[in-house]
Amino acid sequence: MAFSVDENGNITLIQGDSGTLIVNGINTDKNYTVYFAIQDANRNPVGGEITVNSNKSPSVVFELSGTLTDLLTVKKNEQAAIYYYGVKACDAENLFEDTLIIGNGFIGDRNTITVYPKKVEGL
């Protein structure tokens, strides 16, 4: 599989491939809406945010589609490109928002997505 997540929450993938990101450590006191978003090196959003409901579970699963990761381009003269992502748990009823620390990271760390160029077009 050409989509992997390391212990620090950093993702490595081939452009256009789909994969799964499991986020653990969500509070179980409420049904949070959890958001996933990608940014380029200039902090510009790439694609739309993905949302899932926690359903009072300590973990959520984000399915990153090939359509989304196809937006993560690699310049022809580069071997790979680096993008960044974040995850936020929100409770609209109480106006609560919490950016989650993924993996073994700390506040201020940026979770990376290392993208390699696609090798075949596929669907």
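Let me begin by describing the structure that accompanies this report.

Procedures and definitions
- Residues numbered from 1 in each chain as written.
- Predicted model: local features only at pLDDT ≥ 70, side-chain atom pairs only at ≥ 80, totals over all residues.
- Heavy atoms only, no water.
- Salt bridge = Lys/Arg side-chain N within 4 Å of Asp/Glu carboxyl O.
- Helix = DSSP H or I, 4+ residues; strand = E, 2+ residues; numbered from the N terminus.
- Buried < 20%, exposed > 50% of the residue type's maximum accessible area, 1.4 Å probe, protein only.
- Pairing = 2+ DSSP bridges.
- Core = buried A, V, L, I, M, F, W, Y, C linked by side-chain atoms within 4.5 Å.
- Contact = heavy atoms within 4.5 Å.
- Phe/Tyr/Trp six-rings, centres within 6.5 Å; stacked < 30°, edge-to-face > 60°.
- Lys NZ or Arg CZ within 6 Å of the ring centre and 35° of its normal.

1. Some thoughts on the pattern of salt bridges
Evaluated as defined, the whole model comprises three salt bridges. Close ionic contact of aspartate 70 with lysine 118 constitutes a salt bridge, the shortest N to O distance being 2.5 Å. Of the two residues, aspartate 70 is situated in the loop between helix H1 (66-69) and strand E7 (81-91) and lysine 118 in the segment after strand E9 (111-116); the sequence distance between them amounts to 48 residues. Taking the relative accessible area as the measure of exposure, aspartate 70 reaches 29% and is therefore partly exposed. In this structure lysine 118 comes out as partly exposed when scored by relative accessible area, which is 25%.

2. As for the pairing of E9
Within E9, five of the six residues are buried, which leaves the element mostly enclosed by the surrounding structure. Sheet analysis places strand E2 (residues 11-14) next to E9, joined by four bridges and oriented parallel. Its bridge partner being in E9, leucine 13 is matched across the sheet by valine 115.

3. Topic: the pairing of strand E5 (residues 45-53)
Inspection of the sheet shows strand E4 (residues 33-39) paired to E5 by six bridges, in the antiparallel sense. Across the sheet, residue tyrosine 35 finds its bridge partner in E5, namely threonine 51. In this structure, the hairpin formed by E4 and E5 is closed by a connection of five residues, where arginine 43 is found at a positive phi of approximately 65°.

4. Some words on the nonpolar core
Of all hydrophobic cores here, the largest spans 28 residues; its most connected members are Val34, Phe36, Ile38, Phe62, Tyr85, Val87 and Ile113. When contributions to this core are tallied by element, the ones reaching two or more residues are E2, strand E3 (19-24), E4, E5, strand E6 (59-64), E7 and E9. Among the elements that take part in this core, E7 stands out by supplying five residues, more than any other. Not counting chain neighbours up to four residues away, the residues in contact with isoleucine 38 comprise Asn44, Pro45, Val46, Leu68, Leu72, Tyr83, Tyr84, Tyr85 and Ile113.

5. Some words on the environment of serine 4
Within the secondary structure, serine 4 is located in strand E1 (residues 3-5). Relative accessible area serves as the criterion here: at 37%, serine 4 is assigned to the partly exposed category. Placed 76 residues apart in sequence, serine 4 and alanine 80 show a C-alpha to C-alpha distance of 15 Å. Those residues within four positions of serine 4 in sequence are excluded, and the remaining contacts are Asn10, Ile11 and Thr12.

6. Looking at the packing of aromatic side chains
The description of two aromatic rings rests on the distance between their centres and on the angle between their planes. Scanning the model with the defined rule gives three aromatic pairs in all. Both rings, one in phenylalanine 36 and one in phenylalanine 62, keep their centres 5.6 Å apart while their planes meet at 40°; by these two values the pair is tilted. You can see phenylalanine 36 sitting in strand E4 and its partner phenylalanine 62 sitting in strand E6, a full 26 residues away along the chain. For phenylalanine 36, a relative accessible area of 1% puts it in the buried group. The exposure class assigned to phenylalanine 62 is buried, which follows from its relative accessible area of 0%. Linked through ring pairs, Phe36, Phe62 and Tyr85 together constitute an aromatic cluster. The positively charged end of arginine 110 is found above the aromatic ring belonging to tyrosine 84, 3.6 Å away from the centroid.

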